[in-house]
Amino acid sequence: MKSHPRYACQQCGAVAPKWAGRCEACGAWNSMVEELPRAVPPKSLGSAGGRRGGHALDFVALRGDSAGPPRRLTGIAELDRVCGGGLVPGSTILVGGDPGIGKSTLLLQAAAALAAGGSDAAYITGEEAIDQVRLRAERLGVADTPVRLASAASVRDIIAALDDQRVPDLVVIDSIQTMYLDTLDSAPGTVSQVRGAAQELIGLAKRRGLIVVLVGHVTKEGLIAGPRVLEHMVDTVLYFEGERGHQFRILRAVKNRFGPTDEIGVFEMSDRGLVEVPNPSALFLADRSNSEAEPGEEGPGQIAGAAVFAGIEGTRPVLVEIQALVAPSLLGTPRRAVVGWDATRLAMITAVLDARCGLTVGANDIYLNIAGGLRIVEPAADLAVAAALVSALTETPVPADTVVFGEIGLSGRVRPVAHAEARLKEAAKLGFAEAWVPLRPPGRTAGRGARLARAGEGLTLVPIGHLSELVARLSPAPHGAPRRVPASASRRFATTP
Ligand code: TYD
Ligand code: MG
C-alpha cells in the first residue's frame, strides 16, 4: 500500500491530508509539518485475530498495602518541595522554561547533589558540547562529583547505554527537542519526534525504575515548543520562570501525579549557580526596607502607588510588593502594561473602581508590576492591586508597614480569602504593623475571629467591607489637611459627590 504524506500541526497535534498555512483545529499559523505515516496502518484489535496473543489482565482491589511512593531527595530543598517531597523513582519529570533561564544549571546542580549523596546520576546533553558542561560544572563547584556525563542525541543510543546492567538512579536529558528516534522520518524537534523520543524514555523510566528528567524549551506563547502532548505523557511538569533582568527564578509545578501543584521553589541566580531562597518574602521586600521612611513620618522613600500583598504560594506565605503607575492617557485607548498579574483581572478591578467608587481610573494609562519577577495568580491580590492603583491615582501612599489582601467582587464587596491566618502570621513575623483585610461576614464563627487575632499578634486588623472604604482611606485628606496633594492628582482624582 502506498503511504500518502500527511501534515501534523506542531502546536496541537491535529492531522490534515493537505498542507495549510493555518491549523484548522487550533488556529496556529505556520505550524503544519509533513510527516510520513506508517506504511501499513495497525490492524484493529476488535477483530478476533487482533485479540489473539493478548494476555489476561490481573484485576486487583483498590485497597492494597502499597506504601506511598519512595522518594529520592536531591538535597536541594526548594526542588524537592516542588516535586512533592522528593523525586519518585520510575517517574518522568518535564522541566520547561525560556532559553537561558537556568534549566541546565538547575539540573546539573540537582544531578551533582544526588551524585554527591551516593546516587548514580547521569547527564546527557544534546545541546551543548561536553566542554561547555564541564565549564559550567567547574563554575558551579561540582566538577568533582561523580556525575556520568555524555553528549548524545539518538534515543536508540541512550536507551542502549542506560538499559544495561548499570542503570542510573537519575538521568537528565537536556533537551528533549534535540533528541531523535531513527525509526521516525521527521526532523528532531517536531511533534512526532518529541513524542516518540519521550515515549521511549518514559518507557525506560517505568521499566527500570529510574528518574528521567526531560528539559523542554518553551515558545514565546508559553507552550513547551510544539508538544503540548508531552504534558499529558509525563508524570510531573515543572516550569522554571523569572524575569531575565532579575536574579530570582521560580520553579512552579503545573502538573504532578505525586504531589500538589501549587508549590513554588524560589532560587536566586548567582555567579556560582542557583542558590535556594528559603524565605522569599524577605527577598521580595528587600529593596523596600532600604528606602522606607521612619515609622509615622512621610519620608521621600514612601512612594504612592505601592502596596504589599500577603500572598500564599502553595503552602507558603509570600509577601510581595505590588506597584502601580497611573498616568493621564494621551491616546484614545489607554495603555495597559501588566507584569506578573492577569490583565483581565486588572480590567475588572478598574471597572469596579470606576462603577462602584466613582473614580476615573480606567481612562488613564495603567502600568502594574509585581516586584521581583513573581507571577501572582491568586484573586486574593485584588485588594492589594486596588490599593496600589488608588494610591497611585490619589498620590497618597499606603502606610509602609501595612499588608493588604482580599478578593473583590463585581459589586465592590471585599470577600474573605483562604489562609488568612498564615498570611497574617508571616506579615507579623516580618515586622508589619497593620493589615487591611476583608470584613468577616456577620454571624460567622467567633472562634475564627479569635484565631485570626492570635495569628496576627501585634498587627492591627483593619477590616474593609467594601472597596469604597479602601478608597476613603487612600483619599487626600479634605480641607487644609497637612498632606499636600499635587495639583495633578486632584485634577485626576474625581469622585462623584
Ligand atoms: P542555563 O542553565 O544555560 O539556561 P537554560 O538551560 O535554561 O537555557 O543558564 C544560562 C544563564 O545562567 C546564563 O545567562 C548565565 C547564567 N548563569 C549564571 O548567572 N551563573 C552561573 O553560575 C551559571 C552556570 C549560569
Ligand atoms: Mg540549557
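Residues numbered from 1 in each chain as written. Chains lettered and ligands numbered in written order. Predicted model: local features only at pLDDT ≥ 70, side-chain atom pairs only at ≥ 80, totals over all residues. Heavy atoms only, no water.

## Structural notes on the site of ligand 1
Then, in step 1: Taken together, 16 residues lie near ligand 1, and Gly100, Ser104, Thr105, Ser270 and Gly273 sit nearest.
Then, in step 2: The contact in question runs from an oxygen atom of ligand 1 to an N or O atom on the backbone of aspartate 271, over 3.4 Å.
Then, in step 3: Here ligand 1 has 560 Å² of accessible area as a free molecule, and 74% of this is covered by the chains.
Then, in step 4: Those elements that place two or more of their residues in the shell around ligand 1 are α3 (103-116), α4 (130-140) and β11 (264-270).
Then, in step 5: A per-class count over the shell around ligand 1 returns four nonpolar, six polar and six charged. (Near = heavy atom within 4 Å. Polar contact = N/O pair within 3.5 Å; in protein donor to acceptor, adjacent residues only side chain to side chain. Areas by Shrake-Rupley, 256 points an atom, 1.4 Å probe, with all protein chains shown as cover. Helix = DSSP H or I, 4+ residues; strand = E, 2+ residues; numbered from the N terminus. Nonpolar A, V, L, I, M, F, W, Y, C, P; charged D, E, K, R; others polar.)

## A closer look at the pairing of strand β15 (residues 336-339)
Then, in step 1: Bridge count for β15 against strand β16 (residues 365-370) is four bridges, and the pairing is parallel. Bridging from a neighbouring strand, valine 339 pairs with asparagine 369 of β16. (Pairing = 2+ DSSP bridges.)

## Some points on the confidence of the model for the chain
Then, in step 1: When pLDDT is averaged along the chain, the result is 83; 83% of the residues meet or exceed 70.
Then, in step 2: Ranking the elements of the chain by mean pLDDT puts helix α15 (residues 487-492) last with 42 and strand β18 (residues 407-408) first with 96.
Then, in step 3: Long-range and interchain partners of residues 291-300, a stretch whose pLDDT sits below 50, account for seven contacts in this model, where long-range means more than four residues apart. (pLDDT = per-residue confidence, 0-100. Contact = heavy atoms within 4.5 Å.)

## A word on α4
Then, in step 1: Among all positions in α4, only Val133, Arg136, Ala137 and Leu140 are buried. The buried residues of α4 all sit within an arc of 100 degrees when viewed along its axis, so they share a single face. Exposed and oriented more than 90 degrees from the buried face of α4 are Asp131, Arg134, Leu135, Glu138 and Arg139.
Then, in step 2: For α4, the secondary structure elements touched by its buried residues are α3, β5 (121-125), β6 (148-151) and β12 (273-276). (Buried < 20%, exposed > 50% of the residue type's maximum accessible area, 1.4 Å probe, protein only. Arc of directions from axis to C-beta.)

## Points about the pairing of strand β14 (residues 316-327)
Then, in step 1: In terms of residue burial, β14 counts as a mostly covered element, since nine of its 12 residues are buried.
Then, in step 2: Summarising the sheet, strand β13 (residues 306-313) and β14 pair through eight bridges and their orientation is antiparallel. Pairing of valine 308 across the sheet is with glutamate 321, part of β14.
Then, in step 3: Connecting the antiparallel pair β13 and β14 is a turn made up of two residues, with glycine 314 showing a positive phi of about 70 degrees.
Then, in step 4: Here six bridges tie β14 to β16, and the two strands are oriented antiparallel to one another. Counted as the bridge partner of isoleucine 322 is isoleucine 370 from β16.

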